[in-house]
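Observations on the model geometry
Okay, here's what each chain looks like letter by letter:
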Amino acid sequence: MSKQSRKQARDRRHRRLRFKVQGTAEIPRLSVCRTGAHIYAQLIDDDKQITLASASTLEKANREQNLAANMKSAQVIGKLIAERGLGLEIKKVVFDRGGFKYHGCVKALADAAREAGLEF
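Residues numbered from 1 in each chain as written. Predicted model: local features only at pLDDT ≥ 70, side-chain atom pairs only at ≥ 80, totals over all residues. Heavy atoms only, no water.

1. Observations regarding unusual backbone geometry
At Gln49, a residue that is not glycine, the phi angle is positive and equals roughly 60°. Of note, Gln49 is situated in the loop between strand S2 (39-45) and strand S3 (50-56). For Gln49, a relative accessible area of 71% corresponds to the exposed category. Positive phi outside glycine occurs at Glu89, with the angle close to 65°. Structurally, Glu89 can be placed in the loop between helix H3 (71-87) and strand S4 (94-96). A relative accessible area of 68% means that Glu89 is categorised as exposed. (Helix = DSSP H or I, 4+ residues; strand = E, 2+ residues; numbered from the N terminus. Buried < 20%, exposed > 50% of the residue type's maximum accessible area, 1.4 Å probe, protein only.)

2. Brief notes about the environment of Gly117
Relative to the elements of secondary structure, Gly117 occurs in the segment after helix H4 (105-115). With relative accessibility at 34%, the residue Gly117 sits in the partly exposed group. The sequence separation of Gly117 and Lys91 amounts to 26 residues, and the corresponding C-alpha distance is 7.0 Å. Not counting the four nearest positions on each side in its chain, Gly117 is found in contact with Leu86 and Lys91. (Contact = heavy atoms within 4.5 Å.)

Purely geometric stuff here, so don't read any function into it on its own.
What follows is the structure, given as structure tokens:
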């Protein structure tokens, strides 16, 4: 049996997780993706297969702040996605960590979104 790469292991965890986590229009899925350089968050309605709101370190306002894939940036993106969700009258979400460990940037983003008013 060959050893899996890190990406293959994350993809396996994410596929397994997605069977359990499903978003709707009332309770969308908060999906988090973290790369070596950036952090992305989306509120997704899986029934209609549309993205309701998104936030990332690649947005123009965030690029001017020189945000990258670190804890400080994750907190900013967490607050931003929560504000956008609350603007759409979304208070409750299901959290999709995307196969990443609930640790570091992913945990910081989730905690910031909770503090800003989203319920998981």
